[in-house]
4 protein chains.
Amino acid sequence: MQFLSDNAARVHPAVWAAMQAADAPDTPYDGDALSARLDQAFSALFGRPCAALWAATGTAANCLALAPLVPPHGAVVCHREAHIEIDEGGAPGFFLHGAKLILAEGEGAKLTPATLAAALDPIRRDVHQVQPQALSLTQASEYGRAYSPGELAALCDVADARGLRVHVDGARFANAAAHLGCSPAEACAADRIAALSFGFVKNGGMSAEAMVFFDPVLADVVRYRRKRAGHLQSKGRFLAAQILALLEGDLWLENARAANAAAQELAAACAGRLLHPVEANELFVRFSAAERAALRAQGFTFYDWGEGAARLVTAWNSAPADVAALARAIAAL
Amino acid sequence: MQFLSDNAARVHPAVWAAMQAADAPDTPYDGDALSARLDQAFSALFGRPCAALWAATGTAANCLALAPLVPPHGAVVCHREAHIEIDEGGAPGFFLHGAKLILAEGEGAKLTPATLAAALDPIRRDVHQVQPQALSLTQASEYGRAYSPGELAALCDVADARGLRVHVDGARFANAAAHLGCSPAEACAADRIAALSFGFVKNGGMSAEAMVFFDPVLADVVRYRRKRAGHLQSKGRFLAAQILALLEGDLWLENARAANAAAQELAAACAGRLLHPVEANELFVRFSAAERAALRAQGFTFYDWGEGAARLVTAWNSAPADVAALARAIAAL
Amino acid sequence: MQFLSDNAARVHPAVWAAMQAADAPDTPYDGDALSARLDQAFSALFGRPCAALWAATGTAANCLALAPLVPPHGAVVCHREAHIEIDEGGAPGFFLHGAKLILAEGEGAKLTPATLAAALDPIRRDVHQVQPQALSLTQASEYGRAYSPGELAALCDVADARGLRVHVDGARFANAAAHLGCSPAEACAADRIAALSFGFVKNGGMSAEAMVFFDPVLADVVRYRRKRAGHLQSKGRFLAAQILALLEGDLWLENARAANAAAQELAAACAGRLLHPVEANELFVRFSAAERAALRAQGFTFYDWGEGAARLVTAWNSAPADVAALARAIAAL
Amino acid sequence: MQFLSDNAARVHPAVWAAMQAADAPDTPYDGDALSARLDQAFSALFGRPCAALWAATGTAANCLALAPLVPPHGAVVCHREAHIEIDEGGAPGFFLHGAKLILAEGEGAKLTPATLAAALDPIRRDVHQVQPQALSLTQASEYGRAYSPGELAALCDVADARGLRVHVDGARFANAAAHLGCSPAEACAADRIAALSFGFVKNGGMSAEAMVFFDPVLADVVRYRRKRAGHLQSKGRFLAAQILALLEGDLWLENARAANAAAQELAAACAGRLLHPVEANELFVRFSAAERAALRAQGFTFYDWGEGAARLVTAWNSAPADVAALARAIAAL
């Protein structure tokens, strides 16, 4: 009974079906009919014209999306615990040619106007210090916290005032959108941001994330950067197929709702133990070593989170019986 | 009847089957059981210990394999028409941090000791000129020409004498090996080279190439570089599955033989028209504009090759009837 | 009697005097009173508003000036024998983050609209090939050839038509301008180009070159790039002093005229031996091995130029007696 | 009466004299007789074989010295307030191709084994996190604090245990060595470290710093990297001359002692106001806004340091009368 991560979960049957349907000759790279449908599909979803490109990983999607926003001598502001800072093996340094990450604080791995200001105000406007050009937010955050539309707007106000273009790392955007219950556009401030990395791999996909550019001119640059980074697959139709399958009939939302519901079921059993409110599909839960051992002895797998806690992650396909069993086991501790 | 390229061909049923069999929870990234089998599988194939990593594209496989061979202030010697120079969107400049490509000549896009020397001899050994550290060969070459084991040995001798480590771009290595009829190790001088980019996408795969390091220490560096380049997929088991399916029972060779045989069938019809001997699955054929129009009118698709020629590419799944039809149509011109 | 190069020649007394006059406390970096005068001095020289920054070397001046013209995924077109390609140790790859140099041909290391077209026309407008964004010309060229204003205009027309911004490598701009006899603005097409690297080190300076930006916005970017490249000296006043000393009273032109006159004196003695017309301060002269030995035996130093030739370089301070002696020695061969 | 910084101070007369003596033709770049003497001069100073290269700025000296110690996918550990992190305009990101700076804490901008461990221990040894390869210390630190030989040894022990090569940023190494009173080798743990950036510009020089490599093989790489970064000056003899002039007769130590003595004279007047012990030539002093205004009204110039403090910097040529006047003025506050 696996609660380690959603990043290796099974592939949704609809995704498999779409991939197999795509197994006919078509133009290579992103010249195929499926890739050609992405702009339209995301424009419909977000209610505004946008350009969308696929990439195989979240790291690539984040860093390629940031590339046209930041010159090599510039910087991106992000949370100290953002994935781009902590878990991408230095990919921003590579894709942005040595541009800097400026790290800001914030509870629940969420930035606020005040923490942004605290990070940015000390930077002198002279050539001896690296100047910020972009802001990268994570929706949902590394601790499974969602930014409300109001919070996003407040951060975009700061970004505007300081001349920063905004990128949203949406590796778990689906979970955040499902939690917020607002429109996808509201869930990422689509009218205010430059680019969204929209994750599908953790949500039923196999190997496709989308970079959505609300300023379509950016996509023209990223097409070159994607090829240059070795991310332009010749059978790109199989990536487009995955994304379209998950967008169709709002399967992406349905999957995210399932993962979120499983997380809420566990959260209910963790009352008093939660390190962070549960607003997506991740739980950070206080457990003693003995408690963790007891759970593992019952067949539940999960990662430790520091000394006295664990991280539990649900997925689109978390088995209801497993979830219920874990909830019971926690309640019984 | 498609003879445009092998790079968008269908995925082999055995590959599909292996991918679907891999759709069970496992450790993410390359910690899964299938990825763990790659070193052993390639070591068996090449008869010597090697370390193998997957990547989704040939561009990534080439550039990541070159990365540990060349410092940013160094250079790679390759043919003037090599894929890394011509068709990778500047990826070597990106992955190698501005290292240079030194371009050498050679008939059929094949290097020779003499053309290598002609490119390297003029380089002064001083800091004003970029010094070569690696040699990249393409097997089969951009014109579908195969290096014989003897030719490879002669080039490796030059490389040794000049302190260059050798990389083989094997996007169509299978086709070259099938043509040569020697062992896979002989087909890439496995005992002499540092790394081979072993292509599967053009040969029945979907999205997996292998980087094979005959000096396994190199793989340790590339594991970091791969993550940093956003090429470490979280569901890497699906890439490993593709590769293993094609290695198993020598399906990779069988597929390549089929493509090569189709190419030979066409070659027989092109007597007197061929720009290059056919030693893999590509044909470069002299056709007048009228002849090309005539073939296209009969439903054959292919790319022009300059003014008076065309490129025909066969694939593992070129339909025998289509091949025969094209051969007849050419003969009838 | 030294005719090896102008790049290690003595420093002009006026430059020494200006440097010593600058040895009083002032604001560090480029905040000093002398650096502040550069924009005005070059604007007056070129008859149009420009922004000028110092850098210690020609390589830095070239590559920093190119930096804002070319994104990392782009390319610069230049002559196959341009200094940035041949003699800067791969600096463009470093400063431009792996951007590519596209090499064009041309007699005397000079580009023409036709050779530019020959280099650029084959580039497909797709993501697989690196797209050019800038053109770099060398005035005077590597073979001491000067572009006439008309030739510059024709090349700028091509650049405009293809969307390329133009940089001029003017390591020996003074010699070209002195030869042409036109205004400095005409000698570099100041009304058409983005940036000029204006050399002083070879012409009486010690360690200061100027980057002149005819689009002053570019200078704002380069100020950051210069610091990031470690080229912002804290006692920058000593670099500004050198440049101002050479601009004042047109000492730069006077020095260049002296070097050119010496070159012409030698050229007259080399009738029938010259590989290139002499339009600056370099001569490429056919000499047999015996002739070179004979000259060296008389105390003249110079570099061989391939098998049957030598390169003679005069400088601002070539001693008239030495020049006359060499001319006599050549005539007597 | 200037106490703003030592970085724009006058050039020592002996340095001027040496530069003028160098104004005769010699081999360009670093092929001249003076540059050739550097290895020997520093080997004598440090009592062990080392290779030394000049560079014009401290930023270049730091980043070029670090370059051979850290691959692009690696990291350097340094203090959160180190110059390379705070004041070099992102130069490490440029010279190290996106390698990361891992920031550690420590009082007085000095690292300790414990703060190093606190920064390094959380880094997982997997490809998702950037792995450290080098440690950069600053002697004297950004707050004018000197590491004792014992402290250096303890940090080198940590570095050894973790496989980190050590670089010392010695922009004010002279001041630290003068303060410590030990041998130059002891002042930088010459027997334990890979490279020292030895500053001269703040200590009587004009435009020359030295990179001293205790592993001479590193210098061979840096020679290429220096050229590639545009830092190889053609009249390099003028940089070597500055360094040799300051090394000769221990002028570097004499100058540093003068600056340190001036700082101690001020420190004595600042009893109870000092934010940091004074161990070099910088003082960080608590002054109210009114006090700062009062001092400035008397003609003293210096930078504010945050809200309630100021930074005073003495230099090799701080006028004794000015120093005494400032000491009196402070005492009289």
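These figures come from a predicted structure and were not determined experimentally.

A separate point is the overall build of chain A. Within chain A, the regular secondary structure consists of 15 helices and 10 strands. The C-alpha atoms of chain A give a radius of gyration of 20 Å, which matches the 20 Å a tight globule of 333 residues would have. The C-alpha extent of chain A, read off along each of the three principal axes, is 55 × 55 × 35 Å. A fraction of 76% describes how many contacts in chain A between residues 6 or more apart in sequence connect residues 24 or more apart.

Here we take up the nonpolar core. Among the nonpolar cores identified, the biggest contains 249 residues, and L64, M211, V212 and I243 of chain A together with L64, M211 and V212 of chain B are the most heavily contacted of them. Ignoring any residue separated from it by four or fewer positions in sequence, one finds M211 of chain B in contact with A52, L53, A55, A61, L64, A65, A195, S197 and V222 of chain B. The next biggest cluster of nonpolar side chains, apart from the first, holds 248 residues, and it includes L53, C270 and V285 of chain C together with A104 of chain D.

So, about the domain arrangement of chain A. Residue and element names in this part refer to chain A. Partitioning chain A into structural domains gives domain 1 (13-251) and domain 2 (253-331). Once you take the C-alpha centre of each, domain 1 and domain 2 turn out to be 27 Å apart. Top contributing element to the side of domain 1 that touches domain 2 by residue count: helix 9 (residues 173-180), with 6 residues. By residue class, the composition of the side of domain 1 that touches domain 2 is 8 nonpolar, 6 polar and 3 charged.

Let us look at the sheet that holds strand 4 (residues 131-138) of chain C. Residues and elements named next belong to chain C. Strand order in this open sheet of 7 strands is 1-7-6-5-4-2-3, and the pairing throughout is mixed. Bordering the open sheet on either side are strand 1 (51-55) and strand 3 (100-104), each of which pairs with just one other strand. Along the sheet, successive strands turn relative to each other by an average axial angle of 25 degrees, direction set aside. Looking at chain direction, strand 5 (residues 165-170) and strand 6 (residues 195-198) are connected through 4 bridges and run parallel. By the bridge assignment for strand 6, H167 is matched with A195. Packing of helix 10 (residues 216-228) onto the sheet brings it into contact with strand 1, strand 6 and strand 7 (209-213), and relative to strand 1 it is tilted by some 25 degrees.

Here we take up the relation of the copies chain D and chain A. When chain D is fitted to chain A, the residual RMSD is 0.0 Å, and the transformation amounts to a turn of 180 degrees plus an axial shift of 0.0 Å. In symmetry terms, the pair is related by a two-fold rotation axis. Measuring from the rotation axis to each C-alpha of chain D, the shortest distance belongs to G98 of chain D, at 1.9 Å. A share of 100% of the interface residues of chain D reappears at the interface of chain A, consistent with the copies meeting face to face through the same patch.

This next bit is on the packing of helix 12 (residues 251-269) of chain D against helix 14 (residues 320-331) of chain D. Residues and elements named next belong to chain D. Orientation of helix 12 relative to helix 14, taken along the N-to-C sense of each, is 15 degrees, at an axis distance of 8 Å. With respect to each other, helix 12 and helix 14 are oriented roughly parallel. Helix 12 and helix 14 meet at a crossing whose hand is right-handed. Where helix 12 approaches helix 14, its residues A262, E265, L266, A268 and A269 are matched on the opposing element by V323, L326, A327, I330 and A331. Residue composition of the contact of helix 12 with helix 14, by class: 9 nonpolar, no polar and 1 charged.

The partner chain A presents 14 residues to the 14 residues of chain D that form the contact. Considered class by class, the residues forming the side of chain D that touches chain A number 4 nonpolar, 8 polar and 2 charged.

Residue and element names in this part refer to chain C. Relative to each other, helix 2 (residues 38-46) and helix 11 (residues 237-247) sit at 25 degrees, their axes nearing to 11 Å. The orientation of helix 2 relative to helix 11 falls into the category roughly parallel. You can see that helix 2 and helix 11 cross each other, and the crossing is left-handed. On helix 11, the residues touching L38, A41 and L45 of helix 2 are A240, I243, L244 and L247. Grouping the constituent residues of the contact of helix 2 with helix 11 by class yields 7 nonpolar, no polar and no charged.

For the rest of this paragraph, the subject is the confidence of the model for chain A. This prediction gives chain A a mean pLDDT of 97; 100% of its residues lie at or above 70. Scored by ipTM, the complex comes to 0.97, with pTM at 0.97.

All names here are of chain B. Here we have 3 strands laid out as an open sheet, ordered 8-10-9, and antiparallel in their pairing. The outermost strands of the open sheet, each flanked by one partner alone, are strand 8 (282-286) and strand 9 (303-304). Across 2 bridges, the pairing between strand 9 and strand 10 (residues 309-313) is antiparallel. Bridge assignment links Y303 to a residue of strand 10, and that residue is R311.

Moving on: the interface of chain B and chain A. As a measure of interface size, the accessible area lost when the parts come together is often cited. On the side of chain A, 36 residues touch chain B, which itself brings 36 residues to the contact. At the level of secondary structure, the elements contributing two or more residues to the side of chain B that touches chain A comprise helix 4 (58-66), helix 6 (91-95) and helix 11 (216-228) of chain B. A class-by-class count of the residues in the side of chain B that touches chain A yields 17 nonpolar, 13 polar and 6 charged.

Cis rather than trans, the peptide bond between Q139 of chain B and A140 of chain B has omega equal to -5 degrees. Counting through the fold element by element, A140 of chain B comes out in the loop between strand 4 (131-138) and helix 8 (149-162). For A189 of chain C, which is not a glycine, the phi torsion comes out positive at approximately 50 degrees.

Structural alignment of chain B on chain A gives an RMSD of 0.0 Å, achieved by rotating through 180 degrees and translating 0.0 Å along the axis. A share of 100% of interface residues in chain B that are also interface residues in chain A marks the association as one of identical surfaces.

Moving on, we come to the pairing of strand 5 (residues 165-170) of chain B. Residue and element names in this part refer to chain B. For strand 5, the tally of buried residues reaches 6 of 6 residues, placing the bulk of the element in the interior. Neither face of strand 5 is left uncovered, since the one carrying R165, H167 and D169 and the one carrying V166, V168 and G170 both have all their residues buried. Here 5 bridges tie strand 4 to strand 5, and the two strands are oriented parallel to one another. For A134, the partnering residue across the bridge sits in strand 5 and is R165. For the crossover that starts at strand 4, traverses helix 8 and ends in the parallel strand 5, the hand is right-handed.

Below, the discussion takes up the environment of V15 of chain A. All names here are of chain A. Here V15 lies in helix 1 (residues 13-21). For V15, a count of 26 C-beta atoms within 10 Å gives the class buried. V15 has contacts with G204, G205, M206, Q242, A245 and L246, leaving out every residue within four places of it along the chain.

A separate point is helix 14 (residues 320-331) of chain C. Residue and element names in this part refer to chain C. Compared with the 16 Å implied by 1.5 Å per residue over 12 residues, the 16 Å span of helix 14 between its first and last C-alpha is a close match. All of the buried residues along helix 14 are V323, L326 and I330. Down the axis of helix 14, the buried set is contained in an arc of 65 degrees. They therefore lie on one face. Exposed residues pointing more than 90 degrees away from the buried face of helix 14 are listed as P320, A321, R328 and A331. Those residues of helix 14 hidden inside the fold are in contact with helix 12 (251-269).

Residues and elements named next belong to chain D. Summarising the element assignment, W54 is placed in strand 1 (residues 51-55). When the 28 C-beta atoms within 10 Å are taken as the criterion, W54 is described as buried. When the C-alpha positions of W54 and R237 are compared, they lie 9.8 Å apart, and in sequence the two are 183 residues distant. Not counting the four nearest positions on each side in its chain, W54 is found in contact with S35, A208, E209, A210, G236, L239, A240 and I243.

Our next topic: the environment of A176 of chain C. Residues and elements named next belong to chain C. In this structure, A176 sits in helix 8 (residues 173-180). Assessed through the 29 C-beta atoms surrounding it within 10 Å, A176 is described here as buried. Each C-alpha atom, one on A176 and one on I102, is 24 Å from the other, the two residues being 74 residues apart in sequence. For A176, the residues in contact, after removing those within four places along its chain, are Q139, A140, A146, A187 and A280.

The rules behind these values
- Residues numbered from 1 in each chain as written.
- Chains lettered and ligands numbered in written order.
- Predicted model: local features only at pLDDT ≥ 70, side-chain atom pairs only at ≥ 80, totals over all residues.
- Helix = DSSP H or I, 4+ residues; strand = E, 2+ residues; numbered from the N terminus.
- Rg over C-alpha atoms; globule rule 2.2 N^0.38 Å.
- Contact = placed C-beta atoms within 7 Å.
- Core = buried A, V, L, I, M, F, W, Y, C linked by C-beta atoms within 7 Å.
- Buried ≥ 20, exposed ≤ 12 C-beta atoms within 10 Å, placed from the backbone.
- Domains from an automatic or database assignment.
- Nonpolar A, V, L, I, M, F, W, Y, C, P; charged D, E, K, R; others polar.
- Pairing = 2+ DSSP bridges.
- Axes fitted to C-alpha atoms, helices over the stretch in contact; angles between N-to-C directions.
- Least-squares fit on C-alpha atoms with pLDDT ≥ 70 in both.
- Parallel < 35°, antiparallel > 145°, perpendicular 65-115°, else oblique.
- Left-handed = near helix turned anticlockwise from the far one by under 90°.
- pLDDT = per-residue confidence, 0-100.
- Right-handed = clockwise from strand over helix to strand, strands pointing away.
- Expected span 1.5 Å × (residues − 1).
- Arc of directions from axis to C-beta.

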